Amino acid sequence: MSKIPERTFGWIQNPSNFSNLKKTVAVFLYDSPVNLRLRTDLLPRLIQDETVRNTFISELSRSEIVIPYEHLKGKGKGSAPSRKEALCSGIVQAVIHSQGEKEYTDDWTADGFLRWGVSLGFIEYNHENDCCQITESGKEFVLSEEDSEREKELLGNAFLSYPPVIRILSLLDKNGDQTKFELGAQLGFIGEAGFTSIPQNLYVAALCQAEGKERTDIQSKVEGSSDKYARMIAKWLAKMGWIVSKDKIVTESLGNKTFQTRLQAYEITLEGRRNLKHAQGNSSSARIPRRVFYEMLATKATDKNYLRQRRAYLIQYLAKRRSCEEIQKFFQKKGISVQPVAIRDEIESLERIGLNIRNFHDNTYMVMDEIVGLSIPKTAKTMENTKLSDLTTLKENVREKLTHLNHKYLLLLDLAQDKDSSRDFEIQTADLLTNELQFSGTVLGGPRRPDSVVSYGENGIIIDNKAYKEGFSIPIHQADEMIRYINDNNKRDPELNPNRWWEHFDSQVVNFYYLFVSSFFTGNFKRQLEYITRQTEQKNGFVHTIGGGAVAVVNLLYLAENLKSGKMQYKDCFSLFQNDEIVISL
């Protein structure tokens, strides 16, 4: 038997068109207008491979339609030079008209609508055979008249059963108007890859100091995954009339500077509050059950299957009041060790995805929602038979030692190993130093600029982040790049570098250091640190670079813990820059 592909349900970033959602669900209802047109018109014209075409039409011609996920989504670009030029290869691709000249969409968009339909309970997904079929609520949705009250009611009930919608509505009800960054910072699993949020003050500072294309790129490209989820949910709820979008003048501080700009924000309406109360239950109506998918309990994290099972079992166990000690013993019986600090983080994370978990006065916890749809696939490897990765083991060990530092920064351990998340790594490192700790500074990045600069008193640091799973050796071209940064700072000549990035240092800084941050360091990196310092020694320049260092992200977290707790004074941390690796003990 071939391995079942891994799917992701429960978190949606791109689809928002209700009409296309309905078309996607209507695929599964035999002889619906969408189903009929697929069989008689769209598929005969759009699917070139005769065997594939006949297979798709046959699957759509049954009274009970069950279709493999891959046949619905289709394939990627295949032999085409780009996704844009790819041939139609999936049933849902043929249903949704492309925004360009093509009559069909791509597999990524088709997958988004499928995931949306599954997440709202209109489409049922079978883990065991990787197939989809329509649900009873899906049939009602398809048969409801377009833009009718019945359609809105069905959509509304589906949204209210989707926990992240409850989370967004609850945050807006509690805190007033919020931007996607403010919402994203409170959405998703704590300190985990797949749930990043851009700190709003770093975003606003970067936006206010950028011009032209750089400013446009920040506005269109800079957002974390949780920010995207929040923005998409807000878009759905605005269409429902449950929230309204508005401009918000945002004033943010970064170090000793203040920045102000206009951002899009969201505000809950009376209709939104009414539906939130309806979902939470009252004297005249029962609480709406929450639909939770196994796949939504971890997305990009290392050891996803282990985390999903751990969280699924926790949700099920908290159907009754339990203490941390009882939860710990429960997991011990399942053959795994979970420390109380991790349990508390997991409970808070479940609240952050939209579940109502009550903490009673005796420090017991209970999920107050009725949970539907949550099951552990039979094909999933059991927790007790899972050998955890070194990264997950490290993360659990570090978590126990961070008693003062916000555990959201455990995310840095993930980002440091993911080259595709290098920009997130830079931003979250700057966030740690400027928002969690007491350094001034900002994230930079881009051509001829370091990733970030920070300072404290008379001391400043030029920072270069390097995300490498196999460790970072500081190759010669990276050492030379740091040398250029240091020389730019020493000379401060806008003729040589017109972007003037050094102006982001506080004016009182006279001692400068450099720092590489990565997962860990390998090879001759110490020799490279010494090389950088020798090449940049300057006695008569405008400023003076004293020395540098390399810090593995785990040691950066330990350093932050020591500073946060007061075990180390800020002025003393600069003595660690000895052209060597910085190692911290707790």
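Described below are features of the structure shown in this document. By convention here, each chain's residues receive numbers from 1 onward along its written sequence. Predicted model: local features are reported for residues with pLDDT of at least 70 only, side-chain atom pairs are reported and counted for 80 or more only, and whole-chain, interface and lining totals are derived from all residues. The side-chain quantities take in all heavy atoms of the structure and omit both hydrogens and water.

## Remarks on the overall build of the protein
Part 1 of the reasoning: A run of H or I in DSSP counts as a helix once it spans at least four residues, and a run of E counts as a strand once it spans at least two, with each numbered from the N terminus. Assigned secondary structure in the protein consists of 23 helices and 17 strands.
Part 2 of the reasoning: Compactness check: the protein gives a C-alpha radius of gyration of 26 Å against a globular reference of 25 Å for 586 residues, within 12% of the reference.
Part 3 of the reasoning: For every residue, the accessible area obtained with a 1.4 Å probe (protein chains only) is divided by the maximum for its type, and the residue is called buried under 20%, exposed over 50%, and partly exposed between those limits. A total of 586 residues make up the protein; the buried ones form 56% of that total.
Part 4 of the reasoning: Each accessible area is a Shrake-Rupley result for a 1.4 Å probe, and residues are judged covered by the shown protein chains and nothing else. Of the roughly 26,200 Å² of accessible surface on the protein, a fraction of 46% belongs to carbon and sulfur atoms.
Part 5 of the reasoning: The charge count treats Lys and Arg as positive and Asp and Glu as negative. His and the chain ends do not count. The atoms used to mark charge sites are NZ of Lys, CZ of Arg, CG of Asp and CD of Glu. Of the charged side chains in the protein, 77 are positive and 77 negative, and the gap between their average positions amounts to 1 Å. Note that the radius of gyration is over C-alpha atoms, with the globule rule given as 2.2 Å times the number of residues to the power 0.38.

## With respect to the sheet that holds strand E10 (residues 364-367)
Part 1 of the reasoning: For two strands to pair, DSSP has to find at least two bridges joining them. What the three strands build is an open sheet, ordered E8-E10-E9; its pairing is antiparallel. Looking at the sheet topology across the chains shown, the edges are occupied by strand E8 (322-323) and strand E9 (357-359).
Part 2 of the reasoning: Two strands pair when backbone bridges link them, and E8 and E10 are joined in this way by two bridges, in the antiparallel orientation. The partner of serine 323 across the bridge, within E10, is threonine 364.

## Some points on the nonpolar core
Part 1 of the reasoning: Remark: nonpolar core denotes a set of buried residues (Ala, Val, Leu, Ile, Met, Phe, Trp, Tyr, Cys) joined through side-chain atoms within 4.5 Å. Core analysis: the biggest nonpolar cluster contains 104 residues, and Phe159 and Trp236 have the highest contact counts within it.
Part 2 of the reasoning: Take this core: its biggest share by element is eight residues, from helix H13 (residues 225-240).
Part 3 of the reasoning: Whether two residues touch is decided by their heavy atoms; if any such pair falls within 4.5 Å, the residues are in contact. Sequence-distant contacts of phenylalanine 159, that is, excluding residues within four places in its chain, are made with Phe18, Trp116, Leu120, Val165, Trp236, Met240 and Trp242.
Part 4 of the reasoning: Formed by 40 residues, the second largest nonpolar core is a distinct cluster that contains Leu432, Val454, Leu515 and Phe577.

## Things to note about the pattern of salt bridges
Part 1 of the reasoning: Salt-bridge detection follows one rule: a side-chain nitrogen of Lys or Arg within 4 Å of a carboxyl oxygen of Asp or Glu. For the structure on display, the rule yields 46 salt bridges.
Part 2 of the reasoning: A salt bridge links aspartate 107 to lysine 73; the nearest nitrogen and oxygen atoms lie 3.4 Å apart. Of this pair, aspartate 107 sits in helix H6 (residues 107-119) while lysine 73 is found in helix H4 (residues 69-73), placing the two residues 34 residues apart along the sequence.
Part 3 of the reasoning: Between glutamate 481 and lysine 466 there is a salt bridge; the shortest N-O distance is 3.9 Å. You can see glutamate 481 sitting in helix H21 (residues 476-491) and its partner lysine 466 sitting in strand E14 (residues 459-466), a full 15 residues away along the chain.
Part 4 of the reasoning: The exposure class of glutamate 481 is partly exposed, given its relative accessible area of 23%.
Part 5 of the reasoning: Connected through shared salt-bridge partners, Glu192, Arg310, Arg311, Asp345, Glu346, Glu396 and Arg399 make up one network.

## Examining helix H11 (residues 200-209)
An α-helical turn contains 3.6 residues, so any two residues separated by three or four positions project in the same direction.
Part 1 of the reasoning: The buried count for H11 comes to seven of 10 residues, which makes it a mostly enclosed element.
Part 2 of the reasoning: All of the buried residues in H11 are Gln200, Asn201, Leu202, Tyr203, Val204, Ala205 and Leu207.

## Remarks on the environment of lysine 526
Part 1 of the reasoning: Here lysine 526 is to be found in helix H22 (residues 525-536).
Part 2 of the reasoning: As for lysine 526 and tyrosine 203, which are separated by 323 residues in sequence, their C-alpha atoms are 34 Å apart.
Part 3 of the reasoning: With sequence-adjacent residues up to four places away left out, lysine 526 is seen in contact with Asn579 and Asp580.

## Considering the environment of glycine 354
Part 1 of the reasoning: Inspection of the secondary structure assignment puts glycine 354 in the loop between helix H17 (340-352) and E9.
Part 2 of the reasoning: Note: C-alpha distance between glycine 354 and glutamate 252 (102 residues apart in sequence) is 28 Å.
Part 3 of the reasoning: Apart from the residues within four sequence positions on either side, glycine 354 is in contact with Pro163, Ile166, Arg167, Arg290 and Asp369.

## Thoughts on the pairing of E10
Part 1 of the reasoning: By the bridge criterion, three bridges tie E9 to E10 in an arrangement that is antiparallel. Paired with isoleucine 357 across the strands is valine 367, a residue of E10.
Part 2 of the reasoning: Following E9, the chain reverses through four residues before pairing antiparallel with E10; asparagine 363 in that reversal takes a positive phi of roughly 60°.

## Some thoughts on the packing of helix H15 (residues 304-317) against H17
Part 1 of the reasoning: Here an axis means a line fitted to C-alpha atoms, over the contact stretch when the element is a helix, while the angle between two N-to-C directions is reported on a 0 to 180 degree scale. For the pair H15 and H17, the least separation of the axes is 11 Å and the interaxial angle reads 75°. Between H15 and H17, the angle is such that the two are roughly perpendicular. Of the residues in H17, those in contact with Arg310, Arg311, Leu314 and Ile315 of H15 are Ala342, Glu346, Ile347 and Leu350. With respect to orientation, any angle under 35 degrees is reported as roughly parallel, any angle over 145 as roughly antiparallel, any angle of 65 to 115 as roughly perpendicular, and every other angle as oblique.

## A short note on the sheet that holds strand E2 (residues 123-126)
Strand pairs in the sheet, formed through backbone hydrogen bonds, run parallel or antiparallel to each other.
Part 1 of the reasoning: Strand order across the open sheet formed by three strands is E1-E3-E2, with antiparallel pairing between neighbours. Each edge of the open sheet carries a strand with a single partner, namely strand E1 (67-68) and E2.
Part 2 of the reasoning: As judged from the four bridges shared by E2 and strand E3 (residues 131-134), these two strands associate in the antiparallel manner. Bridge pairing links asparagine 126 to cysteine 131 in E3.

## Brief notes about the packing of aromatic side chains
Part 1 of the reasoning: Ring geometry is summarised as follows: Phe, Tyr and Trp rings, the Trp one being its six-membered ring, pair when their centres sit within 6.5 Å, and such pairs are stacked at plane angles under 30 degrees, edge-to-face over 60 and tilted between the two. Scanning the entire structure with this criterion turns up 35 aromatic pairs.
Part 2 of the reasoning: Measuring from ring centre to ring centre gives 6.3 Å for tyrosine 514 and phenylalanine 516, while their planes differ by 80°; the resulting arrangement is edge-to-face. Phenylalanine 516 shares its class with tyrosine 514; the two are buried.
Part 3 of the reasoning: Members of the aromatic cluster, joined through ring pairs, are Phe18, Phe113, Trp116, Phe159, Tyr162 and Trp236.

## Quick look at the pairing of E14
Part 1 of the reasoning: Counting buried residues in E14 gives eight out of eight residues, a clear majority hidden from the surface.
Part 2 of the reasoning: Alternating residues of E14 divide into Asn459, Ile461, Ile463 and Asn465 and Gly460, Ile462, Asp464 and Lys466, and every residue in both groups is buried.
Part 3 of the reasoning: Alignment of strand E13 (residues 452-456) against E14, held across five bridges, turns out to be antiparallel. For tyrosine 456, the partnering residue across the bridge sits in E14 and is asparagine 459.

## A word on helix H14 (residues 270-280)
Part 1 of the reasoning: Burial in H14 covers these residues: Gly272, Asn275, Leu276 and Ala279. Projected down its long axis, H14 shows its buried positions confined to an angular sector of 105°, all on one face. Away from its buried face, by an angle of more than 90 degrees, H14 presents the exposed residues Leu270 and Lys277.
Part 2 of the reasoning: Where H14 is buried, its residues contact helix H8 (149-160), helix H9 (163-175), strand E6 (257-268) and strand E7 (290-291). The reported arc concerns the directions from the helix axis to the C-beta atoms and nothing else.

## Notes on the state of the cysteines
Part 1 of the reasoning: Cysteine sulfur atoms are paired as a disulfide whenever they fall within 2.5 Å. Enumeration over the complete set of coordinates arrives at zero disulfides.
Part 2 of the reasoning: We note that cysteine 88 lacks a disulfide partner, and the nearest cysteine sulfur, in cysteine 132, lies 17 Å from it.
Part 3 of the reasoning: Assessed through its relative accessible area of 6%, cysteine 88 is described here as buried.

## Brief notes about the side chain of glutamine 178
Part 1 of the reasoning: With respect to the secondary-structure elements, glutamine 178 resides in strand E4 (residues 178-179).
Part 2 of the reasoning: Glutamine 178 gets classed as buried once you look at its relative accessible area, which sits at 8%.
Part 3 of the reasoning: Not counting chain neighbours up to four residues away, the residues in contact with glutamine 178 comprise Leu172, Leu183, Gln186, Lys248, Ala265 and Tyr266.

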